[in-house]
Every structure is written in C-alpha cells, then in structure tokens.
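# Fold and contact review
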Amino acid sequence: TMKIVIDTNVFLSALFSRKGASNKLLIWLFAQEKKYNVISNTLVTEYEDVLTRDKNIKQYNNLSKGDIERFLDDICLISYHQKIYFLWRPFLKDSNDDMVLEVAVNAKARAIITFNPKDFKGVEEKFDILILTPKQFLEKIGVIK
C-alpha cells in the first residue's frame, strides 16, 4: 500500500470548497477499504489548531467547530497512526512542514500531498518521498485524467 501524508493546507482547501482536487482526494480516501493516509499525534494537533480557527470556521459552508472535530476523528479512523522515532528537524524552513516530513519519513510514506511543494524543497532528493499536489496525486493513481 502506498502511504501518503497530507499537509494541513489540503484539508483546509477541501473544507473551503467541494469543487477542487483536495475535496476529490478526501472523497477517494474515505471510499478506500485500505488505509493510505498517515498521521501522528502532533500532526492531528496541528490540523485541529488550524481547521478550528474562527477565521476558517467562518469560511466553511455551515460547518461548526464540532463538525470539524468529528471530521478529524473520522480522519483518525481511516489513517495509520505513526509514532515518531527519528527527528529530522530542522530540515525545512517551517517547523510545521518539518512535522509533516517527520511523519512521512517515519512511516516510509511514498508521498506528501501539499499545495506548497516549494515548502518541501530538497525532500524528494534526500528522502525519496514524492511531493505532489492533490491533482498530481489523483492523476498519478488514475482517479482523474
């Protein structure tokens, strides 16, 4: 199974709009019998911190903080839970991106899905982890053309 780690900005985008590739990615994830996504406790805490900010909740279509918390519970149910044994920090400019990278490295994930590939500069070369946008990932697995 190809393991992936999803950056916070992808979940945010999926919650803001039902039209884009990030939303398609989540629909695909929830439809699978196998688990693909990998999380860690610190990563879920980061998701929760960002996704439940008041300014973001105001932009969702009729979703409450409780809805977002239930959504995150569901993400946890369909994901591998990775313990972090090896710390690679600091490798990237932003410590939150380093946290995503740590989950991916520890889980031996094949890809990190993000809208900001430039934030993960050098990762493909050093760790052999693909840095893909949601659209690129969906194209790669044949969900969209």
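The notes below deal with the structure included here. (Residues numbered from 1 in each chain as written. Predicted model: local features only at pLDDT ≥ 70, side-chain atom pairs only at ≥ 80, totals over all residues. Heavy atoms only, no water.)

Let us now look at the side chain of Ser22. Along the chain, Ser22 turns up in helix H2 (residues 21–31). Look at Ser22 and you get buried, because its relative accessible area is 1%. Within polar-contact distance, the side chain of Ser22 engages the backbone nitrogen of Ala14 at 3.2 Å. Beyond its immediate sequence surroundings of up to four residues, Ser22 is in contact with Val10, Ser13, Ala14, Phe115 and Pro134. (Helix = DSSP H or I, 4+ residues; strand = E, 2+ residues; numbered from the N terminus. Buried < 20%, exposed > 50% of the residue type's maximum accessible area, 1.4 Å probe, protein only. Polar contact = N/O pair within 3.5 Å; in protein donor to acceptor, adjacent residues only side chain to side chain. Contact = heavy atoms within 4.5 Å.)

There is a patch of like negative charges on the surface, built from Glu48, Glu69, Asp73 and Asp74. The element contributing the most residues to the negative patch is helix H5 (residues 65–77), with 3 residues. (Patch = residues over 30% accessible without salt bridge, like charges linked within 9 Å, V, L, I, M, F, W, Y side chains within 5 Å. Areas by Shrake-Rupley, 256 points an atom, 1.4 Å probe, with all protein chains shown as cover. Salt bridge = Lys/Arg side-chain N within 4 Å of Asp/Glu carboxyl O. Lys, Arg positive; Asp, Glu negative; His and termini not counted. Charge placed at Lys NZ, Arg CZ, Asp CG, Glu CD.)

Moving on, we come to helix H6 (residues 95–107). Residue pairs three or four apart in sequence face the same way in an α-helix, which turns once every 3.6 residues. Compared with an ideal rise of 1.5 Å per residue, which puts 13 residues at 18 Å, H6 spans 18 Å between its outermost C-alpha atoms and is within 8% of the ideal. Of all 13 residues that make up H6, 11 are buried, and the element is covered over most of its length. Within the sequence span of H6, burial applies to Asp97, Asp98, Met99, Val100, Leu101, Glu102, Val103, Ala104, Val105, Asn106 and Ala107. Against strand E1 (4–6), strand E2 (38–39), helix H3 (41–51), strand E4 (111–113) and helix H7 (123–127) lie the buried residues of H6. A distance of 2.7 Å separates the backbone nitrogen of Asn96 from a side-chain oxygen at the start of H6, and that oxygen is part of Asp94. (Expected span 1.5 Å × (residues − 1).)

In space, the 3 strands of this open sheet follow the order E1-E4-E5, with parallel pairing throughout. The open sheet has two edge strands, E1 and strand E5 (130–132), and neither has a second partner. Looking at each pair of strands side by side, their axes are set apart by 20° on average, direction ignored. Where E1 meets E4, 3 bridges bridge the pair, whose relative direction is parallel. The partner of Val5 across the bridge, within E4, is Ile112. (Pairing = 2+ DSSP bridges. Axes fitted to C-alpha atoms, helices over the stretch in contact; angles between N-to-C directions.)

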